[in-house]
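Residue-level structure breakdown
Listed below are the residues making up each chain.
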Amino acid sequence: MKTRITALVALLLAVSVLFSGCDAFSFSSAENLVRPPKLSGNDGQLQAAFETAVGATGEYVLKYPSAGDYRSAFVRYDCDGDGSDEAFVFYSLKTEEMSVHMYMLDFADGEWIPVDNFNGEGSDVYSIEFSDLNNDGIAEILVGWSSLDAKSNKKLSVYCSQKSGAELDYRVLIIETYTSMHTVDIDGDSQQELLIALINSTSDTYTTQAKLLKMSGSSASGLQISAVGHINLYSEITAFSSISSGYANGRTYIYIDEIAGDAYLTELLYWNSETGTLEAPVETDVLSIADCPTSRSLDIVCKDINSDGEKEIPSTALFPAGYIVRKNADGTDNKSLNENMYIINWLSYNEGEFSTVSSYIENTENKFRIEYDEEKMKDWSIVFYPDDGVSQFFVVRESDDPDVAEESVLMFTISVQDIESDVNINTYLASGTEYMYTYQITAEGEEMGITKGFISALFSVVN
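Here is a short report on the structure shown in this document.

Some thoughts on the overall build of the chain
Counting its secondary structure elements, the chain contains five helices and 27 strands. The buried share of the chain, reckoned over its 463 residues, is 44%. For the chain, contacts bridging at least 24 residues in sequence account for 45% of all contacts bridging at least 6. Of the roughly 23100 Å² of accessible surface on the chain, 47% is carried by carbon and sulfur atoms.

In structure tokens form, the structure reads like this:
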């Protein structure tokens, strides 16, 4: 019996490590419990070739990228477009776990062939991307390295590719310190550029900047990557939420979503083809973050909100007559800690002007939106009770009571139901992937002309 219990405990420990996330083998304690799983088929051949070159299973620790599209320690990609993958394995030796390496292998004649071993610039792998930066048909490798002692900044290694006979020969072309990065053809020459955004927190005050890097030269003349543009960002920025790009109004823009304490904002960058410079249409040296037209109180990032193929930029404005009521631990309403309610405005930018594409108020927990109409809602008050799944809509008007100047009159209520609930067809409003929604119109609301059609025109589900 003791043997069976011991075996069961060992099995449970192994399963818990295997399913604890892709970083399970990054720690020595996990390594002492189980070995990295053996791959099968072509992947098994890859692992065997790697171990032949590097060492047996117990001699290395696999390293898993923590961000980006590739999260495996074994990354395969057809860099030269010949229909056969190259492989990149990220690992540390047990004898030097604070140093990370990238081993490259190529698949040829039915077997994996070791090509080269590269030393990383940190103790962990942050991300790996592939991008053809010089438009020669062979992808460069962009690896972000992170260290345990680094709060936010990473090291970026760009590995430049060259054909050496039938094989690929890679070398490190540039190493840059960065906080966030993005590849984009910003100048329209069909060649990807690399934007690096950096928050420099080595001094008492933050300094932030964006730098545009471009690859030039050839195998014969010498390949190089150099800065072709540089611009300062808001100095108060403490983190980047997202960097993306999109085409709008005949120009490619880079959208940098940023965090500055309790505020959020977006900075736009574009390439001025006439001057050959990287520019920002909103000058950061003349506006505070509070005055920036893209500043907001919610952590939301740019996206194509209306499916027109162009990105919109979020901003927020306080809805003064709205609040969100949470429950206390005992189930009572906590009206002393009401949260602010915001109007979310989605903006498009064109030649110095921001215009509003869409505006709404969103109940995030109950997953619905109410379209915001300033004229229609100028006398409205709204209360969300997300824990109860109830939202109430009032109109504020003059009171008939001479002792009271104004009164709030409930017009209608929207309630959240479980998706499998039975609801009265007469009160049914809409369905989403998680909830159904019902409505109730008060007698006062009916007198004001509130109908189901009126509510439906304002209401939309957030899936």
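Focus: the environment of Ile186
Within the element layout of this structure, Ile186 appears in the loop between strand 10 (180-184) and strand 11 (193-200). A relative accessible area of 6% means that Ile186 is categorised as buried. In this structure, the C-alpha to C-alpha distance between Ile186 and Leu212, residues 26 residues apart in sequence, is 9.5 Å. Other than its neighbours up to four places away in sequence, Ile186 contacts Glu193, Leu212, Thr252, Ile254, Leu269, Tyr270, Trp271 and Leu278.

A short note on the pairing of strand 24 (residues 406-418)
In this structure, strand 23 (residues 390-398) lies alongside strand 24, joined through nine bridges in antiparallel fashion. Residue pairing across strands places Val395 opposite Val409, the latter belonging to strand 24.

Topic: the side chain of His182
Note on placement: His182 falls in strand 10. With relative accessibility at 15%, the residue His182 sits in the buried group. Polar contacts involving the side chain of His182 include one to the side chain of Ser245, which spans 2.9 Å. Setting aside residues no more than four positions away along its own chain, His182 makes contact with Glu193, Leu194, Leu195, Ile243, Ser244 and Ser245.

Here's the deal with the nonpolar core
By size, the foremost hydrophobic cluster in this structure holds 27 residues, and its most contacted members are Trp380, Phe393 and Ile414. Per element, the largest residue contribution to this core is five residues, and it comes from strand 24. When near neighbours in sequence (up to four residues on either side) are disregarded, Ile414 contacts Phe368, Ile370, Gly389, Val390, Ser391, Phe393, Leu429, Tyr437, Thr438, Ile455 and Phe459. Membership of the second largest hydrophobic core comes to 22 residues, among which are Val184, Leu195, Ala210 and Trp271.

What about the environment of Ser431?
Considering the arrangement of structural elements, one finds Ser431 in strand 25 (residues 428-431). Considered as a pair, Ser431 and Gln417 are 14 residues apart in the sequence and their alpha carbons are 9.3 Å apart. For Ser431, the contacting residues outside a window of four places in its chain are Met436 and Val461. Side chain to side chain, Ser431 and Tyr428 meet in a polar contact 2.6 Å long.

Considering the sheet that holds strand 10
Read across the sheet, four strands follow the order 10-11-12-13 without closing on themselves; strand pairing throughout is antiparallel. Among the strands making up the open sheet, the edge pair consists of strand 10 and strand 13 (224-232). Strand-to-strand twist of the sheet, defined as the mean angle between neighbouring strand axes without regard to direction, takes the value 25°. By the bridge criterion, seven bridges tie strand 11 to strand 12 (residues 207-216) in an arrangement that is antiparallel. For Ala197, the partnering residue across the bridge sits in strand 12 and is Ala210.

What to know about the packing of aromatic side chains
Counting across every chain of the model gives 24 aromatic pairs. Taking 5.9 Å as the distance between ring centres and 85° as the angle between the ring planes, the aromatic pair formed by Phe50 and Phe74 counts as edge-to-face. Highlighted residues: Phe50 in helix 3 (residues 41-54) and Phe74 in strand 2 (residues 74-77), separated in sequence by 24 residues. Residue Phe50 is classed as buried on the basis of its relative accessible area, which comes to 0%. Taking relative accessible area as the criterion, Phe74 reaches 15% and is therefore assigned buried. With 6.2 Å between their ring centres and 80° between their planes, Phe50 and Tyr103 make a pair best called edge-to-face. Of this pair, Phe50 sits in helix 3 while Tyr103 sits in strand 4 (residues 101-108), placing them 53 residues apart in sequence. The buried category is assigned to Tyr103, whose relative accessible area is 11%. Members of the aromatic cluster, each reached through a chain of ring pairs, are Phe50, Tyr60, Phe74, Tyr91 and Tyr103.

The rules we used
- Residues numbered from 1 in each chain as written.
- Predicted model: local features only at pLDDT ≥ 70, side-chain atom pairs only at ≥ 80, totals over all residues.
- Heavy atoms only, no water.
- Helix = DSSP H or I, 4+ residues; strand = E, 2+ residues; numbered from the N terminus.
- Buried < 20%, exposed > 50% of the residue type's maximum accessible area, 1.4 Å probe, protein only.
- Contact = heavy atoms within 4.5 Å.
- Areas by Shrake-Rupley, 256 points an atom, 1.4 Å probe, with all protein chains shown as cover.
- Pairing = 2+ DSSP bridges.
- Polar contact = N/O pair within 3.5 Å; in protein donor to acceptor, adjacent residues only side chain to side chain.
- Core = buried A, V, L, I, M, F, W, Y, C linked by side-chain atoms within 4.5 Å.
- Axes fitted to C-alpha atoms, helices over the stretch in contact; angles between N-to-C directions.
- Phe/Tyr/Trp six-rings, centres within 6.5 Å; stacked < 30°, edge-to-face > 60°.

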